[in-house]
Amino acid sequence: LFFRPAPTLVIFSTQARFLDLLSVREVMSSAHREVLTLYRQLLRAASGFHNYNFREYAVRYVRDDFRTYRALQGDAAQAQIENGRAELQTLRRQVTISQLYPQEKHAMEN
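So, how was this worked out
- Residues numbered from 1 in each chain as written.
- Predicted model: local features only at pLDDT ≥ 70, side-chain atom pairs only at ≥ 80, totals over all residues.
- Heavy atoms only, no water.
- Helix = DSSP H or I, 4+ residues; strand = E, 2+ residues; numbered from the N terminus.
- Contact = heavy atoms within 4.5 Å.
- Areas by Shrake-Rupley, 256 points an atom, 1.4 Å probe, with all protein chains shown as cover.
- Phe/Tyr/Trp six-rings, centres within 6.5 Å; stacked < 30°, edge-to-face > 60°.
- Buried < 20%, exposed > 50% of the residue type's maximum accessible area, 1.4 Å probe, protein only.
- Patch = residues over 30% accessible without salt bridge, like charges linked within 9 Å, V, L, I, M, F, W, Y side chains within 5 Å.
- Salt bridge = Lys/Arg side-chain N within 4 Å of Asp/Glu carboxyl O.
- Core = buried A, V, L, I, M, F, W, Y, C linked by side-chain atoms within 4.5 Å.
- Expected span 1.5 Å × (residues − 1).
- Arc of directions from axis to C-beta.
- Polar contact = N/O pair within 3.5 Å; in protein donor to acceptor, adjacent residues only side chain to side chain.

K.L.:
Would you mind going over the overall build of the chain with me for this structure?
P.N.:
Summing up its helical and strand segments, the chain has three helices and zero strands in all. The contacts of the chain with a sequence gap of at least 6 include a subset with a gap of at least 24, amounting to 74%. With the model as given, the accessible surface of the chain reaches about 9,200 Å², and the carbon-plus-sulfur share is 59%.

K.L.:
Just checking my understanding: could you explain the packing of aromatic side chains for this structure?
P.N.:
How two aromatic rings sit relative to each other is set out by the distance from centre to centre and by the angle between their planes. A full pass over the atoms with the stated rule returns three aromatic pairs. Aromatic pair tyrosine 39 and phenylalanine 66: ring centres 4.8 Å apart, planes at 65°, arrangement edge-to-face. Residue tyrosine 39 is located in helix H1 (residues 7-46), and its partner phenylalanine 66 is located in helix H2 (residues 52-68); the two are separated by 27 residues in the primary sequence. Ring centres 6.1 Å apart and planes at 65° place the aromatic pair phenylalanine 49 and phenylalanine 54 in the edge-to-face group. Accessibility expressed as a relative area gives 8% for phenylalanine 49, which makes it buried.

K.L.:
Sorry, what's going on with a nonpolar patch on the surface here?
P.N.:
The grouping of Ile97, Leu100 and Tyr101 at the surface amounts to a nonpolar patch, some 380 Å² of accessible area in total. Taking relative accessible area as the criterion, leucine 100 reaches 58% and is therefore assigned exposed.

K.L.:
For this particular structure, what's the right way to read the nonpolar core?
P.N.:
Across soluble globular proteins, nonpolar side chains show a tendency to be buried alongside one another. If you look at the biggest cluster of nonpolar residues, it comprises 13 residues, and the most contacted ones within it are Leu38, Leu42, Ala46, Phe49, Ala58, Leu88 and Leu91. Breaking this core down by element, the ones donating at least two residues are H1, H2 and helix H3 (74-100). When residues in this core are grouped by element, the largest group, five residues, is from H1. If we skip the residues at most four places from it in the chain, leucine 42 touches Val62, Phe66, Gly84, Glu87, Leu88 and Leu91.

K.L.:
Help me understand H2, please; the structure alone is not making it clear to me.
P.N.:
The terminal C-alpha atoms of H2, which comprises 17 residues, lie 24 Å apart, in line with the 24 Å expected from a rise of 1.5 Å per residue. Turning to H2, its buried residues number three or more, namely Tyr52, Arg55, Ala58, Val59 and Val62. Seen from one end, H2 has its buried residues packed into an arc of 145°, which puts them on one side. More than 90 degrees from the buried face of H2, the exposed residues found are Arg67 and Thr68. Of the residues that open H2, the one with a side-chain oxygen 2.8 Å from the backbone nitrogen of asparagine 53 is asparagine 51.

K.L.:
What's the story with the pattern of salt bridges in this structure? I'm lost.
P.N.:
Pairs can form between side chains of opposite charge once their charged atoms are near each other. Following the criterion strictly, the structure yields three salt bridges and no others. Between arginine 67 and aspartate 64 there is a salt bridge whose closest N-O contact spans 3.5 Å. Placement of both arginine 67 and aspartate 64 in helix H2 is noted, with a separation of three residues, approximately one turn of the helix. Classification of aspartate 64 as partly exposed rests on a relative accessible area of 37%. Among the salt bridges present, the one from glutamate 82 reaches arginine 85, with a minimum N-O distance of 2.5 Å. Here glutamate 82 and its partner arginine 85 are both found in helix H3, three residues apart, which amounts to about one turn of the helix.

Below you can see the structure in the form of structure tokens.
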């Protein structure tokens, strides 16, 4: 004789696991969305430089950093997100200063 739990308990435990997975998915998707938003903001800010060399360096720097820290999770990932926000503010200030002193177009841009 095998003991079988009542079907409602099985359904309830399955639903509870499903709800737990949904909440984990929501948290993951919100963190993922936050990182993607930060990535887009950094790329947009980096493309604001007038100087070709500064612009390409900033875009490459952003992409390389995101590739480097792709596998981070938990507190380390949150620390890097905060660091990225600080870098975004710095980058925006640098772009503003760059726009105050425009230069001629680089040979690569023609």
